[in-house]
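What follows is each chain in one-letter form.
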Amino acid sequence: MTETAHPTIHPVILCGGSGTRLWPLSRKSYPKQFTALVGDESLFQASARRLSGEGFGAPVVLTGEPFRFIVMEQLAAIESAPRGVLIEPEGRNTAPAVLAAALWLAEVDPEGLMLVAPSDHVIPDGAAFRAAVRAAAPRAAAGDLVTFGIRPTRAETGYGWLELQEPGHAEADAPQPLVRFVEKPDAETAEALLAAGHYLWNGGLFLFSVQGIIAAFEAHAPEMIAPVRAAVAQGEADLGFTRLAAEPWGQVAEDSIDYAIMEKAGNLAVMPFAAGWSDLGDWQAVWQESGPDGAGNVVTDHATALDCEGSLLRSENAAQELVGIGLRDMIAVAMPDAVVVAPRGESQRVKEAVAALKSRKARQATEFPVDHRPWGWFESLVIGERFQVKRIVVKPGAALSLQSHHHRSEHWIVVQGTARVTVDDDVRLVGENESVYIPLGAVHRMENPGKVEMVLIEVQTGSYLGEDDIIRYEDVYARK
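Residues numbered from 1 in each chain as written. Predicted model: local features only at pLDDT ≥ 70, side-chain atom pairs only at ≥ 80, totals over all residues. Heavy atoms only, no water.

A. Seen up close, the nonpolar core. Among the nonpolar cores identified, the biggest contains 90 residues, and Leu-115, Phe-129, Phe-148, Leu-207 and Trp-283 are the most heavily contacted of them. Of the residues forming this core, the biggest block, 6 residues, is contributed by helix H4 (residues 126-141). Sequence-distant contacts of Trp-283, defined by excluding residues within four places in its chain, comprise Arg-21, Leu-22, Trp-23, Leu-25, Leu-37, Leu-312, Arg-314, Ile-331, Val-333, Val-340, Ser-347 and Val-350. Ranked by size, the runner-up nonpolar core spans 48 residues in total, among them Leu-14, Val-60, Leu-162 and Ala-260. (Core = buried A, V, L, I, M, F, W, Y, C linked by side-chain atoms within 4.5 Å. Buried < 20%, exposed > 50% of the residue type's maximum accessible area, 1.4 Å probe, protein only. Helix = DSSP H or I, 4+ residues; strand = E, 2+ residues; numbered from the N terminus. Contact = heavy atoms within 4.5 Å.)

This is the structure in structure tokens:
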């Protein structure tokens, strides 16, 4: 008798969010999943590592246009190659994203399973989670929709809960029947759910077959099928990415996978998981997951705690020392351009601060001080009324677009490596401690032909210095 091969588990990593609850480290231009909040790797990299191994395929990533090269760069850094990267023209919540991944995988491995996971959660024991996924795989292969229920450790009001039939089911090592979803409770209800013993947190992690989830959409959200199918079918291949077609994608209603499918389907099962999990939803969670010391403090490099208890002190800048004195249950997070200080129990209100900054049109509300690009990154060092000074880092072999500006001229000084510089018809190599002037209106390009990062200081002068004053003539990264 020939042994039946188990279906491949395809990780589907949702990587398009731009949360504000971990501001100022997480911002719209560089959200928390790409940041090393806990440990040395970013949350996205840790997710990709965790969802790999025997029985798992290469990840399928759904992300937005601004993050596509960050995704590829961070995967390359951990030597992981994606099966596919689908670029959403705009965020439409998780239901359309999951359906798009299912329809894409239906052309690749129609008999496969999909493990849908956010890119910004923390699960310290990856082996235990993979074991739970494998334990749930037979139910998913049989057509059930499996959600992972996290054993609660506190009366949490920030999560939805899952009700099981009896307390013993919450400790099972196989999928269990789901009685009902429970919306985020108030504090009193959360205490009762915790005490009851047969409730789990809804972790936002799902396992189902490709065909099973498509069938669920056909039954419970049929209006999504046609536009999402068209967005996938009309998608364009672009430098290894798949751009979903914008016009049909824009017709899809925004909805979460929970509301669109999971709360309507009858073939649900819950896989209990008790080995540790956090959605890292606020600075309190970061403090908790970072392993407070004997005094309850979490103190990073470039931060000092004097007579502090239960506090998080975090500085992200080697040139900026953060000192806390006599603090009790506080968070203080310092970035080069923004600082947040709050009682630890009030850390959920950081999003209110972001809203207030947006109302004042403060760029710190959404823009990260370091601007990541496919060729490298830059940061503004000094900004004046008619000038700006930047540090620009270009990766080996990378090149900026061939471009010109209407409103500014530029002066480049190479401080590390060698630049190949094009100015109109002149192409030259510019070495360390050498400079070149780019007149207003000149067509120019900067390239790094070397094997190490090239670093230069750029001085811009002119009447308008915005990043949108760029006319691109050629771009190896096909930016639109």
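Don't stop here, the text continues.
B. Local environment of the sheet that holds strand S20 (residues 376-383). Pairing is antiparallel in the open sheet, where 6 strands are placed in the order S19-S20-S21-S28-S23-S26. In this open sheet, the two strands that pair with only one neighbour each are strand S19 (370-373) and strand S26 (435-438). Sheet twist, expressed as the average angle between the axes of neighbouring strands with direction ignored, equals 20°. Pairing of S20 with strand S21 (residues 387-394), which is carried by 7 bridges, proceeds in the antiparallel orientation. The residue bridging Ile-383 from the neighbouring strand is Gln-388, located in S21. (Pairing = 2+ DSSP bridges. Axes fitted to C-alpha atoms, helices over the stretch in contact; angles between N-to-C directions.)

C. The arrangement of the environment of Gly-64 in detail. Locating Gly-64 in the fold gives a position in strand S2 (residues 60-64). The exposure class assigned to Gly-64 is buried, which follows from its relative accessible area of 13%. Along the backbone, Gly-64 and Ala-172 are 108 residues apart, and their C-alpha atoms lie at a distance of 38 Å. With residues near it in sequence (within four places) discarded, Gly-64 still touches Gly-16, Ile-87 and Glu-88.

D. Region of the structure containing unusual backbone geometry. A cis amide bond, omega 10°, links Trp-23 with the succeeding residue Pro-24. By secondary structure assignment, the location of Pro-24 is in the loop between strand S1 (9-14) and helix H1 (43-50). Backbone geometry places Glu-79, a non-glycine residue, at a positive phi of 55°. Looking at where Glu-79 falls in the secondary structure, it is placed in the loop between helix H2 (68-77) and strand S3 (84-88). Residue Glu-79 is classed as exposed on the basis of its relative accessible area of 76%. Of note, His-302 is a non-glycine position whose phi angle comes to about 70°, a positive value. With respect to the element layout, His-302 can be found in the loop between strand S13 (298-299) and strand S14 (303-306). Since its relative accessible area comes to 30%, His-302 is described here as partly exposed.

E. Seen up close, empty space enclosed by the protein. Tallying each qualifying case throughout the model produces 2 cavities of 30 Å³ or more. Roughly 200 Å³ of internal volume is contained in the largest cavity. Lining of the largest cavity is provided by 21 residues; of these, Trp-375, Leu-400, Gln-403, Glu-467 and Ile-470 occupy positions nearest its centre. Reported here for the second largest cavity is a volume of approximately 40 Å³. Along its surface, the second largest cavity is lined by Arg-50, Leu-51, Ala-117, Pro-118, His-121, Ile-123, Phe-129 and Leu-205. A class-by-class count of the residues in the lining of the second largest cavity yields 6 nonpolar, 1 polar and 1 charged. (1 Å grid on protein atoms, 1.4 Å probe; cavity = no way out; pocket = protein on both sides within 12 Å on 5 of 7 lines; lining within 4 Å. Points joined across faces, edges and corners; volume = space filled by probe spheres on them. Nonpolar A, V, L, I, M, F, W, Y, C, P; charged D, E, K, R; others polar.)

F. View of the pattern of salt bridges. With the rule as written, the count across this model stands at 27 salt bridges. Between Arg-92 and Glu-90 there is a salt bridge whose closest N-O contact spans 3.3 Å. On the basis of relative accessibility, which here comes to 12%, the residue Arg-92 falls in the buried class. Given a relative accessible area of 36%, Glu-90 falls into the partly exposed group. Shared partners join several salt bridges into a network, and the residues in it are Glu-65, Arg-68, Asp-238 and Arg-243. (Salt bridge = Lys/Arg side-chain N within 4 Å of Asp/Glu carboxyl O.)

G. Molecular detail of the side chain of Ser-42. Within the element layout of this structure, Ser-42 appears in the loop between S1 and H1. Among the polar contacts listed, one links the side chain of Ser-42 to the side chain of Gln-74, at a separation of 2.6 Å. (Polar contact = N/O pair within 3.5 Å; in protein donor to acceptor, adjacent residues only side chain to side chain.)

H. Local environment of the packing of helix H3 (residues 94-108) against helix H7 (residues 222-233). Where H3 meets H7, the axes come as close as 9 Å, and the angle between the chain directions of the two elements is 60°. In terms of orientation, H3 and H7 fall into the oblique class. The hand of the H3/H7 crossing is right-handed. On H7, the residues touching Ala-95, Pro-96, Leu-99, Ala-100, Leu-103 and Trp-104 of H3 are Met-224, Ile-225, Val-228, Arg-229 and Val-232. (Parallel < 35°, antiparallel > 145°, perpendicular 65-115°, else oblique. Left-handed = near helix turned anticlockwise from the far one by under 90°.)

I. Examining the packing of H1 against H2 more closely. Interaxial distance between H1 and H2 falls to 10 Å at its minimum, and their mutual angle equals 55°. On the basis of the axis angle, H1 is oblique to H2. Crossing of H1 over H2 shows right-handed handedness. Taking contact as the criterion, the partners of Phe-44, Gln-45 and Ala-48 in H1 are, on H2, Val-71, Gln-74, Leu-75 and Ala-77. Class assignment for the residues of the contact of H1 with H2 results in 5 nonpolar, 2 polar and no charged.

J. Here's a closer look at the layout of surface pockets. As a volume, the second largest pocket reaches approximately 320 Å³. As for the second largest pocket, its lining consists of 17 residues, and the residues nearest its centre are Arg-154, Glu-156, Asp-282, Gln-284 and Gln-348. Split into classes, the residues belonging to the lining of the second largest pocket amount to 3 nonpolar, 8 polar and 6 charged. Viewed by domain, the lining of the second largest pocket spans two of them, domain 1 (9-273) and domain 2 (289-360), each represented by three or more residues. (Domains from an automatic or database assignment.)

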